[in-house]
Amino acid sequence: MSGDVAADRALRSAAGPSERQDEFRQMWLRVGALNNVRTIGFATAGFFALAILITGGLFLWLDHRATMTRAEAATRDMSRVVEEYAMRVFEINDLVVANVLAYVGERGGVDALRETTAAAEFLAGVTRRTADTDHLLVVDAGGGLVASSGEVPPADSGFSDRAWFKAHRAAGVDRYVGEAIIDRSTGELVYTYSRAIIDRQDRFAGVVQTAMRPSFLDDLVASSDVGRGTVLAIWSASGTLVARTGMSAAQAGQTIEDVVLFREMADQATGTYRAVSVIDGVDRIVSFRRLDKWQVVVTASTPLVSIFAPWYRHLSWTAAICGIVLIAIGCLTWIGARANRREAIARTNLEAALKEKHILLQEIHHRVKNNLQVTSSLIRMQEQRFTEPAFKAALRDTQDRLQSIALIHESLYRADAGSTVDLPDYFERLVGDIAEAYGAKSRGISIELRAEPLVLELTRAVPVGLVVTEVVSNAFKHAFAGTRGGTITISVQRSMGAIEIVVRDDGRGMPAATSCSGRGGLGTKLIHAFVAQLDGQSSVTCDGGTEFRLTIPGERLQ
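**Student:** Would you explain the packing of aromatic side chains in this entry?
**Tutor:** For any pair of aromatic rings, geometry is given as the distance between the ring centres together with the angle between the planes. Following the criterion strictly, the structure yields 10 aromatic pairs and no others. Between tyrosine 103 and phenylalanine 122 the ring centres are 3.9 Å apart and the planes differ by 10°, which places this aromatic pair in the stacked class. Taken together, the positions of tyrosine 103 in helix H1 (residues 2-106) and phenylalanine 122 in helix H2 (residues 118-129) put the pair 19 residues apart, joining distant regions of the chain. Put simply, the rings of Phe159, Trp164, Phe165 and Phe204 pair up and form one aromatic cluster. The cationic tip of arginine 88 hangs over the ring face of tyrosine 85; the distance from NZ or CZ to the ring centre is 4.8 Å.

This is the structure in structure tokens:
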């Protein structure tokens, strides 16, 4: 009975620090939960801020693409309108010029029109009947003026230097759309359409030319629902400006022959691209169409500033809304940060308290180990006062039990492991001390330890250690009596969710009355008590030695 009381007291002394350690662990868990809540809060705020920025950015990007797509479609539509309008103007003027050519032929040629007023009256009448024609000219093969529908230029002025005249005389072109020029008769900005006069001998005899003001493109823009700053233009096949909305005299003769339209897209009948205009330096979306019959290119272009004006308004509103939301999130985060600082102070104080308590826990382990060793030493001193072998053996068994508990606390103290015990390390030191106490080396008894890496809580390691102490001590006392040597094998392993500890010796075994029968002394009773405390099962097999098998639940395995 006294052995049961001593073991029970030892267990209570070992369980006390474990309970306090559980309290420390709960404190740490609460601190960890607080940190997790704070981390989740900051992460959520960051996620919402990022989501707002991504959503706003995606919306603006999609709106930007849609705006660009609409602008490109609008310029393509406008280029088709310009194409139709230009073709109508050119066809009308071609009919006018054809009418004049017929008149020249009826009168007997260009020379027959000289020094008469009939030709001028005819040309003036034709001009009045055609809204798109500003005035008409008839020049001879040398570029001299023969007849005009309007004011007559100075007598010494000729047209042999004009590009349209050179195209007919030198290049043999039949129809020609000329670039914008300053009219020598009226001084106004015009562009021309002309056809060559061929006499009856198929020789070049002169040119009939009609001049038109480019303002018809301005009228087209004014009557259309196009973007602000939209420019409509007609270019010659070589890239020289023919007509343009808002055209000034300074722009006459300008060329864009080295731009995308006439360099990279020269073989395309129609297309849309983005470029900076060489005329006004504005970044524009340009759509073009080629009129092969008239050897010109019509373009419609809209400035990006005008295209994206609504988009920039959306950008401003989106930025303002996102800014307000981000400011609100920032304020909430700042409030959370203030709370975090207060929590950090509390956490620092708590960590300091936990550290101090941990140090105290280590000191408890150290003191318990020392007290158990002192108690063991006192028992050893008492043992020396007695001569009765049975009494001395009982005191020695008590020392072994105290030593097994002391080793647990020493392991916890050395490993700084809190409330868990490393079983392989503990068994190695425990069995080594028992073997040394029983003179295993001198008796030829070897120890084999086969243990998987396992850890147990302190409250379970103590009874496990006491059980192993009892079983191994019995093996040394009974299995290898006399001078006979042998081997004690200890194995620790996981098996089917449980922990299985087997102690086997190859000695002669214990007497059947005390081992295999289940009856015995105090040691056997302690083993049964500890097995019950562990909610485990044990068995003893006496076959070619003795095998003790302990199986305990593994659910609490750390």
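**Student:** What's the story with the sheet that holds strand E15 (residues 486-495) in this structure? I'm lost.
**Tutor:** The strands making up a sheet are joined through hydrogen bonds of the backbone, oriented either antiparallel or parallel. Strand order in the open sheet formed by five strands is E13-E15-E16-E18-E17, with mixed pairing between adjacent strands. The open sheet terminates on both sides in strands that have one partner only, identified here as strand E13 (445-451) and strand E17 (537-542). Averaged over all pairs of adjacent strands, the angle between their axes in this sheet comes to 10°, without regard to strand direction. Pairing of strand E16 (residues 498-505) with strand E18 (residues 546-553) involves eight bridges; the strand directions are antiparallel. Considered in E18, the bridge of valine 503 is made with phenylalanine 548. Against the sheet, helix H9 (residues 423-437) touches E13, E15 and E16, its axis set at about 170° to E13.

**Student:** Mind showing me how you'd approach a nonpolar patch on the surface here?
**Tutor:** Residues Leu58, Trp61 and Leu62 make up a contiguous nonpolar surface patch of about 310 Å² in total accessible area. Within the secondary structure, leucine 58 sits in helix H1.

**Student:** I keep staring at H9 and nothing clicks. Help me out?
**Tutor:** Along an α-helix, residues three or four positions apart point the same way, because every turn accommodates 3.6 residues. Between its first and last C-alpha atoms H9 spans 21 Å; for 15 residues at 1.5 Å apiece the expected length is 21 Å, and the two agree. Within H9, burial applies to Leu423, Pro424, Tyr426, Phe427, Leu430, Val431, Ile434 and Ala435. All buried residues of H9 fall inside an arc of 155° around its axis, so they share one side. Away from its buried face, by an angle of more than 90 degrees, H9 presents the exposed residues Glu428 and Glu436. At the C-terminal side of H9, glycine 439 shows a positive phi close to 65°.

Rules behind the numbers
- Residues numbered from 1 in each chain as written.
- Predicted model: local features only at pLDDT ≥ 70, side-chain atom pairs only at ≥ 80, totals over all residues.
- Heavy atoms only, no water.
- Phe/Tyr/Trp six-rings, centres within 6.5 Å; stacked < 30°, edge-to-face > 60°.
- Helix = DSSP H or I, 4+ residues; strand = E, 2+ residues; numbered from the N terminus.
- Lys NZ or Arg CZ within 6 Å of the ring centre and 35° of its normal.
- Pairing = 2+ DSSP bridges.
- Axes fitted to C-alpha atoms, helices over the stretch in contact; angles between N-to-C directions.
- Contact = heavy atoms within 4.5 Å.
- Patch = residues over 30% accessible without salt bridge, like charges linked within 9 Å, V, L, I, M, F, W, Y side chains within 5 Å.
- Areas by Shrake-Rupley, 256 points an atom, 1.4 Å probe, with all protein chains shown as cover.
- Salt bridge = Lys/Arg side-chain N within 4 Å of Asp/Glu carboxyl O.
- Expected span 1.5 Å × (residues − 1).
- Buried < 20%, exposed > 50% of the residue type's maximum accessible area, 1.4 Å probe, protein only.
- Arc of directions from axis to C-beta.

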